[in-house]
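Listed below, chain by chain, are the residues.
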Amino acid sequence: QKEVEQNSGPLSVPEGAIASLNCTYSDRVSQSFFWYRQYSGKSPELIMSIYSNGDKEDGRFTAQLNKASQYVSLLIRDSQPSDSATYLCAPRSRASKIIFGSGTRLSIRP
Amino acid sequence: DVKVTQSSRYLVKRTGEKVFLECVQDMDHENMFWYRQDPGLGLRLIYFSYDVKMKEKGDIPEGYSVSREKKERFSLILESASTNQTSMYLCASSSTTVNQPQHFGDGTRLSIL
């Protein structure tokens, strides 16, 4: 079992719709969770952090965490073409080490 | 804002050369990391460092070494470059404070001919 599992996609979503990205992780002691966005040829950029069970909203982005199910998700509302990118799920399991998923490729179609 | 600076955006070297990739961060972070990223393989950790002069192997250290003589600088060394080391190399840094993320540099696209 991989430490972090994400559907590789591509996930195709119409412009203006909600994009839902999912992630499961294996390390039960993970305390903090990050979502990074990576455009093609660029480096990953942090877009959301979540530490407690429940939802955390930041603009059009909502991160959801369920530690009992070892599940974290990212919702993007009112999807825009500029949201087309690969999204990396990244739990922080042990001191200072973050485990990155392989990413889900999201495509927003006009 | 955290600034992680990688010395080169693009680099072309020849097989057998010794290659140095430099990374500098300006946030006094204790932790620094080197990854490589290849299509379909995601981010793979090469080496990381928790403190000056300290280093630990990541998942794919073979063919690489690192140096951390100063807190702000973490260097990746390809001892004898080979074509299979052609890749995008990413440096990152983070604080040891609980719940802090990693911040990435812009990356170095390295081609070994």
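Scroll up a little and you will see the structure.
Residues numbered from 1 in each chain as written. Chains lettered and ligands numbered in written order. Predicted model: local features only at pLDDT ≥ 70, side-chain atom pairs only at ≥ 80, totals over all residues. Heavy atoms only, no water.

This part is about the packing of aromatic side chains. By the definition in use, this model includes 11 aromatic pairs over all chains. Within the aromatic cluster, the residues linked to one another by ring pairs are Tyr36 and Phe100 of chain A together with Phe33, Tyr35, Phe48, Tyr50 and Phe104 of chain B. Across from the ring centre of phenylalanine 61 of chain A, 5.6 Å away, lies the NZ or CZ of arginine 60 of chain A, which sits over that ring. Between the NZ or CZ atom of arginine 9 of chain B and the centre of the ring of tyrosine 10 of chain B, over which it lies, the distance is 5.5 Å. (Phe/Tyr/Trp six-rings, centres within 6.5 Å; stacked < 30°, edge-to-face > 60°. Lys NZ or Arg CZ within 6 Å of the ring centre and 35° of its normal.)

Where empty space is left becomes clear once a probe the size of a water molecule has been rolled over the atoms. Considering only enclosed or pocket space, the largest pocket measures out at about 510 Å³ in volume. Contributions of two or more residues to the lining of the largest pocket are made by strand E9 (85–94) and strand E11 (104–109) of chain A together with strand E4 (31–38) and strand E9 (87–94) of chain B. (1 Å grid on protein atoms, 1.4 Å probe; cavity = no way out; pocket = protein on both sides within 12 Å on 5 of 7 lines; lining within 4 Å. Points joined across faces, edges and corners; volume = space filled by probe spheres on them. Helix = DSSP H or I, 4+ residues; strand = E, 2+ residues; numbered from the N terminus.)

Residue and element names in this part refer to chain B. With respect to burial, strand E5 (residues 42–49) is a largely interior element, 7 of its 8 residues being buried. Looking at chain direction, E4 and E5 are connected through 7 bridges and run antiparallel. Counted as the bridge partner of phenylalanine 33 is phenylalanine 48 from E5. Turn length for the E4-E5 hairpin, with the two strands adjacent in sequence and antiparallel, is 3 residues, and the turn residue glycine 40 shows positive phi of about 80°. Here E5 pairs with strand E6 (residues 56–57) via 2 bridges, running antiparallel. Following the sheet pairing, phenylalanine 48 is matched in E6 by glutamate 56. Turn length for the E5-E6 hairpin, with the two strands adjacent in sequence and antiparallel, is 6 residues, and the turn residue lysine 53 shows positive phi of about 65°. (Buried < 20%, exposed > 50% of the residue type's maximum accessible area, 1.4 Å probe, protein only. Pairing = 2+ DSSP bridges.)

Further remarks concern empty space enclosed by the protein. All names here are of chain A. For the structure shown, the criterion picks out 1 cavity of 30 Å³ or more. Counted as a void, the largest cavity has a volume near 30 Å³. Glu3, Val4, Tyr25, Ser26, Asp27, Ser30, Pro91, Ser93 and Ile99 together form the lining of the largest cavity. Of the residues assigned to the lining of the largest cavity, the class counts are 4 nonpolar, 3 polar and 2 charged. (Nonpolar A, V, L, I, M, F, W, Y, C, P; charged D, E, K, R; others polar.)

Residues and elements named next belong to chain A. Cis geometry is found at the peptide bond from glycine 9 to proline 10, where omega equals 10°. The backbone of glutamine 70 shows a phi angle near 55°, a positive value even though the residue is not glycine. Summarising the element assignment, glutamine 70 is placed in the loop between strand E7 (61–66) and strand E8 (71–76). Since its relative accessible area comes to 11%, glutamine 70 is described here as buried. Not every positive phi belongs to a glycine, and aspartate 78 is a case in point at roughly 50°. Position of aspartate 78 relative to the elements: it lies in the loop between E8 and E9. Overall, the relative accessible area of 40% leaves aspartate 78 in the partly exposed class.

Glancing now at the pairing of strand E3 (residues 19–25) of chain B. All names here are of chain B. Of the two faces of E3, only the one carrying Val19, Leu21, Cys23 and Gln25 is buried; Phe20, Glu22 and Val24 on the other face are not. Across 3 bridges, strand E1 (residues 4–6) lies against E3 in antiparallel orientation. Pairing of glutamine 6 across the sheet is with cysteine 23, part of E3. As paired strands, E3 and strand E8 (residues 73–78) are joined by 6 bridges and run antiparallel to one another. Residue pairing across strands places phenylalanine 20 opposite isoleucine 77, the latter belonging to E8.

Residue and element names in this part refer to chain A. Taken as a whole and assessed by the stated rule, the structure comprises 2 disulfides over all chains. Through a disulfide, cysteine 23 is tied to cysteine 89; the S-S separation comes to 2.0 Å. With the S-S dihedral at roughly -70°, the linkage between cysteine 23 and cysteine 89 falls on the left-handed side. Of this pair, cysteine 23 sits in strand E3 (residues 19–25) while cysteine 89 sits in strand E9; the two residues are 66 residues apart in sequence, bridging distant segments of the chain. (Disulfide = S-S within 2.5 Å.)

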